[in-house]
2 protein chains.
Amino acid sequence: MKKTEGGVTAAKGFEAASAAAGIKYKERTDMALVYSALPCTVAGTFTTNVVKAAPVIWDRDIVRKGNPVHAVIVNSGIANACTGQEGLDYCRQTAAKAAEVLQIPEDSVLVGSTGVIGMQLPIDRICSGIDMLAAAKSSSLEAGTAAAKAIMTTDTVKKELAYTAQIGGVTVTVGGMAKGSGMIHPNMCTMLSYVTTDLAIAKDLLQKAVSKAVNDSFNMISVDGDTSTNDTFLVLANGASGNAPITEEGADYQAFEEILMQVCKELAMNMAADGEGATHLIESHVINADTEANARILAKSVITSSLTKAAVYGHDANWGRILCALGYSGAEFDPDHVDLYFSDGSKKLLIFTNGAAADYSEEEATEILKKEKVQIISDMHMGEAEAVAWGCDLTHDYVSINADYRS
Amino acid sequence: MKKTEGGVTAAKGFEAASAAAGIKYKERTDMALVYSALPCTVAGTFTTNVVKAAPVIWDRDIVRKGNPVHAVIVNSGIANACTGQEGLDYCRQTAAKAAEVLQIPEDSVLVGSTGVIGMQLPIDRICSGIDMLAAAKSSSLEAGTAAAKAIMTTDTVKKELAYTAQIGGVTVTVGGMAKGSGMIHPNMCTMLSYVTTDLAIAKDLLQKAVSKAVNDSFNMISVDGDTSTNDTFLVLANGASGNAPITEEGADYQAFEEILMQVCKELAMNMAADGEGATHLIESHVINADTEANARILAKSVITSSLTKAAVYGHDANWGRILCALGYSGAEFDPDHVDLYFSDGSKKLLIFTNGAAADYSEEEATEILKKEKVQIISDMHMGEAEAVAWGCDLTHDYVSINADYRS
């Protein structure tokens, strides 16, 4: 497996485009297209929020039906959530317009939206945008990058990456893009991510690999504890690499699972690091827990704690807040048998042991907390389960961004 | 039932004091005493955090034993949490010193601490502080106020209040003090609160009333989602009012339950309104839910949402975030049948109905969000259960306060 250039157009047979449709933002692109002339097998996961945005309902139906997919149309600025029947009708009109312009079936078009909840989409501008997207679509890496930029909302950097691996004797590419920095929380967040691959694979195996990858990547990040109405993760596989289609769980499937996991983990980390207002990526690593479920609960509780997040922002080695967050997570443990470490990846500092503060240097701790990526390691001494979760610090800018997001 | 002056010394037979012991703060009081020469029946609830501070372990044992209680010694500045055996030893030494100076049994002394986690208490200063407290103790209302001020940490205002009611033919007073603004979350928070009453009541009935009152007051507030290691709520009843001791659940018990509930709700609201950096009290009222459990889950989810809290700070009527928070709460409902209102107590504005935005005036909504107390009403149209939860907005000051709390 090795990293390569590009994002959604890195894999063979995929095209992309962006357009400035003026949906809510002025003077920037706000629509994106991902397209494959070859029919794609598709798998995905969606928000667990009871309140589901219209595009989530639309996409879920398409994925369930199992028809081949050709295109994804995404807009930023307006989320098309809490918009009732009118919002659902706009999804159908978006798909119908794309179907007409791209000459593909209406139910081969997925749609995605991110932005303000509760406003209706200006469907005329969406349709004009689709004309522009169709005219501009290209298989260049730049076109993929343009799409990754168009789906951003409060993101400060575009998120795209790609990997290649040898699978079944041919070179397979898996590339993707993602957006998300606010409303990000375990169990799908807003959080839109689209991954393309030129692998040929059966739908049920693709779904299996997707579910596994999401579980250890997007579901282990949190920015603010708010699970959005729009979270969507979709993988499109068009078979253009020419591999013998994967129809069972052999070595080829394993190789794909690994590369997909890598792409998802890296996209997820990029999202956590770009959390609204964030200045640090926090990696919470729980080791030697009694069960995997508890390891996950404990790891997430640390990166979700507002007090821990604020302490990292202030480079304040206030480790008591971490222990406190482990304590209210819901997992049982004996605080006297927990070891806590701070790490910057190379240096590992013991902070807490035997139920009380370890004899560490406050200066060394502060140094670690100044690093861009701060690792918090909680050794539970109970078993062999482990989990990793990613979050970011809580800053003044997070409040500024969210106190008046709509204006 | 009517409101009266004072706090922990409002009820007959209670004395209080404060002292500047120099534990961590300079130039302010940081120790408090609540004392009754008459033996008190005591009941309480404590943090659900797996990591329990030493004073929580100490107090829980005393309450379980059921011996009469005479005194509570509280310090601010250092939480005596995550301090191992040394921390527990300091609790015993604190109680032993108070027992010696006040000439009461060691196991009649409750202790409480709030402040930084992980630091050891300077036990010499604690002991000197106890000498000062014993010398200064007084039954004046001012002494109660002084105690309420001494237990503050990042609080901006002291919290104390008292009510009187006629119970069993005599005037009974219930008064209390509380501290808490950070690390406040449903299911006990740091959150220290001490209530005194001159009622005579059996221990099991006192505990029953306490559990019920806490459930609908302190357990329904949240500032930042972090449940502390130190949360403690204790009620001391010394019988000085001269009522016939309450030993069964008749009219007298009901009257006490009501007055205790009122005292707890008001103390809880005062804490939420004084959340770290807060500029608004948010009251989330869920009505017509299917079950009380779901009503509570839904009400709390709204006041816990960082995005909703930040929107209230910005006076931004971004109601989509409220619907989103209801949606990820874990309770099932149909978003198309929810009505959402903003209210300032007198004016009630319909914001969301039939699955989409109502035709409301943005100016009117913004006006309501500028009020000190903002009420959010979610009508689920599913049944008859309701619940109220209290929180506060998320502000720049919250981040400032918590980015460098220890220095």
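All values reported here derive from a predicted model rather than from experimental measurement. (Residues numbered from 1 in each chain as written. Chains lettered and ligands numbered in written order. Predicted model: local features only at pLDDT ≥ 70, side-chain atom pairs only at ≥ 80, totals over all residues.)

1. Some remarks on the sheet that holds strand E15 (residues 373-379) of chain A
Taken in spatial order, the seven strands of this open sheet run E9-E16-E11-E15-E12-E13-E14 (chain A), and their pairing is mixed. Unpaired on one side and paired on the other, strand E9 (221-222) and strand E14 (356-357) of chain A mark the two borders of the sheet. (Pairing = 2+ DSSP bridges. Helix = DSSP H or I, 4+ residues; strand = E, 2+ residues; numbered from the N terminus.)

2. Let's talk about the packing of helix H5 (residues 203-215) of chain A against helix H6 (residues 251-273) of chain A
A pair of packed helices can be characterised by two numbers: the angle between their axes and the separation between those axes. Residues and elements named next belong to chain A. The N-to-C vectors of H5 and H6 enclose an angle of 40 degrees; their axes lie 9 Å apart at closest approach. The angle between H5 and H6 falls in the class oblique. You can see that H5 and H6 cross each other, and the crossing is right-handed. On H6, the residues that touch Leu205, Ala209, Lys212, Ala213 and Val214 of H5 are Tyr253, Phe256, Glu257, Leu260, Met261 and Cys264. (Axes fitted to C-alpha atoms, helices over the stretch in contact; angles between N-to-C directions. Parallel < 35°, antiparallel > 145°, perpendicular 65-115°, else oblique. Left-handed = near helix turned anticlockwise from the far one by under 90°. Contact = placed C-beta atoms within 7 Å.)

3. Description of the nonpolar core
Judged by nonpolar contacts, the single largest core of 284 residues is most densely connected at Ala16, Val34 and Ala147 of chain A together with Ala16, Val34 and Ala147 of chain B. Sequence-distant contacts of Ala147 of chain A, defined by excluding residues within four places in its chain, comprise Val8, Ala16, Ala17, Ser18, Ala32, Leu33, Val34 and Met177 of chain A. (Core = buried A, V, L, I, M, F, W, Y, C linked by C-beta atoms within 7 Å. Buried ≥ 20, exposed ≤ 12 C-beta atoms within 10 Å, placed from the backbone.)

4. Notes on helix H1 (residues 54-65) of chain A
Residues and elements named next belong to chain A. Look at H1: 17 Å from first C-alpha to last across twelve residues, which is about the 16 Å you get at 1.5 Å a residue. Listing the buried residues of H1 in full gives Ala54, Pro55, Val56, Trp58, Asp59, Ile62 and Val63. Looking one or two residues beyond H1, the residue adopting positive phi is Gly66, at roughly 85 degrees. (Expected span 1.5 Å × (residues − 1).)

5. Observations concerning the sheet that holds strand E12 (residues 339-343) of chain B
All names here are of chain B. The mixed open sheet is built from seven strands, whose spatial order is E9-E16-E11-E15-E12-E13-E14. With partners counted over all chains shown, the strands left at the sheet margins are strand E9 (221-222) and strand E14 (356-357), one partner each. Pairing geometry for strand E11 (residues 281-289) and strand E16 (residues 385-392), over seven bridges, is antiparallel. Each residue of the ladder has a partner; that of Val286, found in E16, is Ala387. Where helix H6 (residues 251-273) meets the sheet, it contacts E9, E11 and E16, and its direction lies at approximately 45 degrees from that of E16.

6. Points about the domain arrangement of chain A
We note that the domain assignment places domain 1 (2-273) and domain 2 (281-403) within chain A. Taken over C-alpha atoms, the centre of domain 1 of chain A sits 32 Å from the centre of domain 2 of chain A. (Domains from an automatic or database assignment.)

7. Re the environment of Pro68 of chain B
All names here are of chain B. With respect to the secondary-structure elements, Pro68 resides in the loop between helix H1 (54-65) and strand E4 (69-78). Since 17 C-beta atoms lie within 10 Å of it, Pro68 is described here as partly exposed. Spatially, the C-alpha atoms of Pro68 and Val170 are 23 Å apart, while their sequence positions differ by 102 residues. Beyond its immediate chain neighbours, meaning those up to four positions away, Pro68 contacts Pro39, Cys40 and Ser108.

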